[in-house]
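Read off the chains here:
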Amino acid sequence: MDTYQQELIRDLNPAQKLAVESLDGPLVIFAGAGSGKTRVITSRIASLIHNGVDPRKILALTFTNRAATEMKQRAIALNPKAVGSQISTFHSCCARWLREFADELGFNSNFTILDDSDSKSVLKGVIQKSSLSESAKASLPDYKQVLSNIKVQGLFPKDILKNKMLDDLPEGFDEIYKSYQVQLANCNSMDFGDLMMNMILLLRNNVKVKQILQNRYAYIMVDEYQDTNSVQIELVTALGQGTRNVCVVGDDDQSIYSWRGAKARNILEFDRCFSEAKTVKLEQNYRCTAHIIDAANAVIKNNQIRASKKLWTENPQGEKIEFVYESDNEMEAHHVVESIKSENYMPEQTAIFYRTNSQSRLLEEALLRENINYQIYGTTRFYDRVEVKDLVAYLRLLVNPLDDVAFLRVVNKPARKIGGKSIQTLQKYAEEASKSLLQIANSLSETDPKLFHKLMPFLACLNIAKKNLEREPLGNVLSIILDQISYLKYVEKKYPNQFQEKCENIHELVVALNEFSTANPNGKLEDWLQNITLVRGDNNISGYVSLMTLHMAKGLEFDRVYIMGFEDGLIPHKNSLESKQQLEEERRLVYVGITRARRKLTLTAAYRRLGYQGYVNLPPSRFLAEIPKECIKGLVEEASYGKLDETEVVDEENGITRHQSVYHPTYGYGMIDNIVVVHGKQKAVVEFDDFGKRTVPVHHLRV
DNA sequence: ATTAACGGGCTTTTT
DNA sequence: GCCCGTTAAT
């Protein structure tokens, strides 16, 4: 062993060393939270290259772009040659391979990748054209969910027809599925599921492609293996069949994507495909305080379906976990923000987690009020904004003229008096001629001059933009489009209140495009487009507090963590209360959340929560009762966990009851809306005449 | 006859 | 808050 390798494994524990040194042959690494998983994988990559393996023959697959980026950066830090290795997400890899082998599948390599909302609108069109009953047509969201479900199981339309066991599918699903795929093929487009499915199709049926890819990669590593679905398993096994140097890493206790087709038992059954596989368990946690690890272990041990494994740590006990029970969700947000202000953790080392995306709104408002910079991971993505999606649709049409989805999105934006009827006739023409909407639109000058006239400005804009595509930086091409269609004017008229914000987004888009052109002088618009569909903006900006769902939190770590909405109905979610399996997954979600915190953790709940319609009362989460008392402070009576206390609290002594007019020394006059217990103390929720709704201690009030 | 604008009903988690 | 069905405007 030379000095480089000695340095690489210095201060690794024995299990980690074993994992880094077992380079050849199949290997399963069970890696508990904070057990140094990424360090192990990246050291393996560095070591392989150091041993003379061509970096390009190393493939590492992850689920999130963030994981891929981090892995790549850390591998490069250990061995600069790792820059040549392919480290990216399943979806990006598949997209890359599919562009390379598109013609083998009858696609053009500039195909469009449809995101979920695009896919939904195609599905909507297909259902409307179908011969389904009206009542079946009404349940569109069902179809979208079923379709995604079917695809993550790797079922093609022909499998649906054969498989009579799938008889709980909605009416006419097989027909819808078939025409949906035909429609997508006509548009030279693929949805997220297709990226995986089409790759499988190639590997199954195309020996040439299979051999090329098997020879291309000598070492394969898969992160978060507990989250793989059957299609991804098939992909990994097919690619790894040649050299059998397949290393998978995961933790069944962190399996939180079963609703997306992930099968945690994949990691337990890895040796079914690779019978000679070795196993390594990483159980020492280097991340969290002992209190946090104790709490996490105590919670997860209530799950019955799991491999035996126990996380331990040598870290100090640290501060107790804190439970905070506030009167409503607004106060909950307020409390978190005040807490962040009062403590001195670095903003980029502070994170706030919640179960549903909608919970972020109040929190954002509270953070904005206090001028705390924050960033949201995941949805509400920049590229999901209407104005950005519209402009991206214009760009998509430049690259892929068959993209009917993009066409339909923007043909009438800004309004050009092209509504449902015009679209119908256009679709009829297109179908008769077997052309895309854009192609047929361009050829209407004789057949339908009236419609053609209405389409003119739209078509002209695209033509002008296309002419500039070769010679101008991409941002300038977008500016030309903006100018041609007077898009800013349209936005100002349609969204007067959000005009400035949307302008900034548009400007940012132009800048992003120009930056891309500068960074990749030979970069094509299609490369940029693929990136924005598959890559989310998710880097950790310094000076910013991070907000995200519990699902997004996996794989991250922060000194200071808050988990909000720790209530039965949110955590566990109300839709998961029915089955034991679903409840266990919710518990794993809590486990993931807890183990993100390095130093201090706060769980918050609200007595009542203002939702889409009025207030709902949710009891504190049942999972609180599973946390040992010595790890946590601030709990109210145990009896209330998982059960709602309906009794109204009234302060008889002071004559304070609901709907009572009161006076507060700071806020003046108001009316009591409700009286609640916070931290065992009575507080009144008061609607003040001049200050709106506030929660104040009862003893500050005068009748 | 068509298109544009307005108000009502739901909201889990994501590549 | 977002998507959809209804009404008002052309």
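Right, let's walk through the structure included here. Please read these numbers as outputs of a predicted model, since none were measured by experiment.

Considering the overall build of chain A
The helix and strand inventory of chain A stands at 28 helices and 22 strands. When each of the 703 residues of chain A is scored for burial, the buried share is 54%. Across chain A, the fraction of contacts at a sequence separation of at least 24, relative to all contacts at a separation of at least 6, is 74%. In the form shown here, chain A has an accessible surface area of approximately 32,200 Å², with 50% of it arising from carbon and sulfur atoms.

Describing the pattern of salt bridges
Overall, the coordinates contain 46 salt bridges when judged by the stated rule. With a closest N to O distance of 3.6 Å, K389 and D118 form a salt bridge. Pair noted here: K389 is in helix α18 (residues 386-399) and D118 is in helix α6 (residues 116-129), with a separation of 271 residues, a long-range link. Taken together, the salt bridges that share partners define one network made up of K37, D223, E224, D227 and K554.

Some words on the environment of S308
Summarising the element assignment, S308 is placed in the loop between α15 (290-300) and β10 (312-313). Note on S308: relative accessible area 59%, which makes it exposed.

Structural notes on the side chain of R560
Assignment of secondary structure puts R560 in strand β15 (residues 558-563). Judged by relative accessible area, which is 1%, R560 ranks as buried. Looking at R560, its side chain comes within polar contact range of the side chain of E343, at 2.6 Å. With near-sequence residues (within four places) excluded, R560 lies in contact with E322, S339, E343, Y345, Q349, T350, A351, K600, L601 and T602.

Quick look at the packing of helix α2 (residues 14-21) against helix α3 (residues 37-50)
Where α2 contacts α3, the two axes come as close as 8 Å, and the packing angle between them is 35°. Judged by the sense of rotation from one axis to the other, the crossing of α2 with α3 is right-handed. Residues Q16, A19 and V20 of α2 form the contact with α3, whose own contacting residues are V40, S43 and R44. Looking at side-chain class alone, the contact of α2 with α3 contains three nonpolar, two polar and one charged residues.

Looking at the nonpolar core
Counting residues in each nonpolar core, the largest one holds 50 residues, and the members touching the most others are L395, L398, F407, L455, F458, L525 and W528. The next biggest cluster of nonpolar side chains, apart from the first, holds 45 residues, and it includes C288, I292, A553 and L618.

A closer look at the packing of α6 against helix α10 (residues 173-186)
Close contact between α6 and α10 brings their axes to 9 Å; oriented N to C, the two are set at 120°. Considering the angle they form, α6 stands oblique to α10. Here the hand of the crossing between α6 and α10 comes out right-handed. Together, S119, V122, L123, V126, I127 and K129 of α6 and I176, S179, Y180, Q183 and L184 of α10 make up the contact between the two elements. Along the lines of polarity and charge, the residues of the contact of α6 with α10 split into seven nonpolar, three polar and one charged.

Regarding the pairing of strand β12 (residues 350-354)
Taking burial as the measure, the five residues of β12 include five buried ones, the bulk of the element. Burial of β12 is two-sided: the residues T350, I352 and Y354 facing one way and the residues A351 and F353 facing the other way are all buried. As paired elements, β12 and β15 share four bridges and run parallel to each other. If you follow A351 over to β15, its bridge partner there is V561. Where β12 and strand β14 (residues 545-549) come together, four bridges link them in parallel fashion.

Re the packing of aromatic side chains
For the structure shown, the criterion picks out twelve aromatic pairs. On the basis of an interplanar angle of 45° and a centroid distance of 5.6 Å, the ring pair of Y257 and W259 is categorised as tilted. Looking at Y257, the relative accessible area reads 12%, which means it is buried. Measuring from centroid to centroid gives 5.4 Å for Y487 and Y490, while their planes differ by 45°, and the two rings are tilted. Taken together, the positions of Y487 and Y490, both in helix α24 (residues 487-494) and three residues apart, correspond to about one turn of that helix. Accessibility classification places Y487 together with Y490 in one group, the buried group. These aromatic residues form a ring-pair network of at least three members: Y225, F270 and F274. The cationic tip of R99 hangs over the ring face of F111; the distance from NZ or CZ to the ring centre is 4.2 Å. Directly above the ring of Y562 sits R560, whose terminal nitrogen or CZ lies 4.1 Å from the centroid.

Points about the sheet that holds strand β1 (residues 27-31)
Strand order in the open sheet made by the six strands is β3-β2-β6-β7-β1-β8, with parallel pairing throughout. Looking at strand neighbours, the two that pair on one side only are β3 (86-89) and β8 (278-282), the edges of this open sheet. Strand after strand, the sheet turns through a mean of 15° between neighbouring axes, direction not considered. Taken together, the five bridges between β1 and β8 define a ladder with parallel strand orientation. Paired with V28 across the strands is T279, a residue of β8. Across the face of the sheet, helix α4 (residues 65-78) comes into contact with β2 (58-62) and β3 while running at roughly 160° to β3.

Structural notes on the environment of T356
Its place among the elements puts T356 in the loop between β12 and α17 (360-369). Separated by 217 residues in sequence, T356 and H573 have C-alpha atoms that sit 9.0 Å apart.

Observations regarding a positive patch on the surface
A grouping of K417, K450, K454 and K493 is seen on the molecular surface, where their side chains present a positively charged patch. Tracing the backbone shows K417 in the loop between α19 (404-410) and α20 (420-433). K417 sits in the exposed class, given a relative accessible area of 72%.

Looking at helix α13 (residues 230-240)
Burial runs high along α13: nine of the eleven residues are buried. What α13 keeps buried is the set V231, Q232, I233, L235, V236, T237, A238, L239 and G240. By the N-cap criterion, in which a side-chain oxygen at the helix start approaches the backbone nitrogen of a residue two or three places on, α13 is capped by N229, the distance to V231 being 3.0 Å.

With respect to unusual backbone geometry
Glycine aside, the phi torsion of most residues is negative, and most peptide linkages are trans. Note that the residue after K413, namely P414, is joined by a cis bond; omega there is -5°. Relative to the elements of secondary structure, P414 occurs in the loop between α19 and α20. The step from I571 to P572 runs through a cis peptide bond, and the omega angle for that step is 0°. Considering the arrangement of structural elements, one finds P572 in the loop between β15 and α28 (580-594). Residue R244 is not a glycine yet carries a positive backbone phi of 65°. The class for R244 is partly exposed, based on a relative accessible area of 23%. You will see that N371, though not glycine, has its phi angle at about 55°, which is positive. In this fold, N371 is placed in the loop between α17 and β13 (374-376). Given the relative accessible area of 70%, N371 is considered exposed.

Conventions adopted
- Residues numbered from 1 in each chain as written.
- Chains lettered and ligands numbered in written order.
- Predicted model: local features only at pLDDT ≥ 70, side-chain atom pairs only at ≥ 80, totals over all residues.
- Heavy atoms only, no water.
- Helix = DSSP H or I, 4+ residues; strand = E, 2+ residues; numbered from the N terminus.
- Buried < 20%, exposed > 50% of the residue type's maximum accessible area, 1.4 Å probe, protein only.
- Contact = heavy atoms within 4.5 Å.
- Areas by Shrake-Rupley, 256 points an atom, 1.4 Å probe, with all protein chains shown as cover.
- Salt bridge = Lys/Arg side-chain N within 4 Å of Asp/Glu carboxyl O.
- Polar contact = N/O pair within 3.5 Å; in protein donor to acceptor, adjacent residues only side chain to side chain.
- Axes fitted to C-alpha atoms, helices over the stretch in contact; angles between N-to-C directions.
- Left-handed = near helix turned anticlockwise from the far one by under 90°.
- Nonpolar A, V, L, I, M, F, W, Y, C, P; charged D, E, K, R; others polar.
- Core = buried A, V, L, I, M, F, W, Y, C linked by side-chain atoms within 4.5 Å.
- Parallel < 35°, antiparallel > 145°, perpendicular 65-115°, else oblique.
- Pairing = 2+ DSSP bridges.
- Phe/Tyr/Trp six-rings, centres within 6.5 Å; stacked < 30°, edge-to-face > 60°.
- Lys NZ or Arg CZ within 6 Å of the ring centre and 35° of its normal.
- Patch = residues over 30% accessible without salt bridge, like charges linked within 9 Å, V, L, I, M, F, W, Y side chains within 5 Å.
- Lys, Arg positive; Asp, Glu negative; His and termini not counted.
- Charge placed at Lys NZ, Arg CZ, Asp CG, Glu CD.

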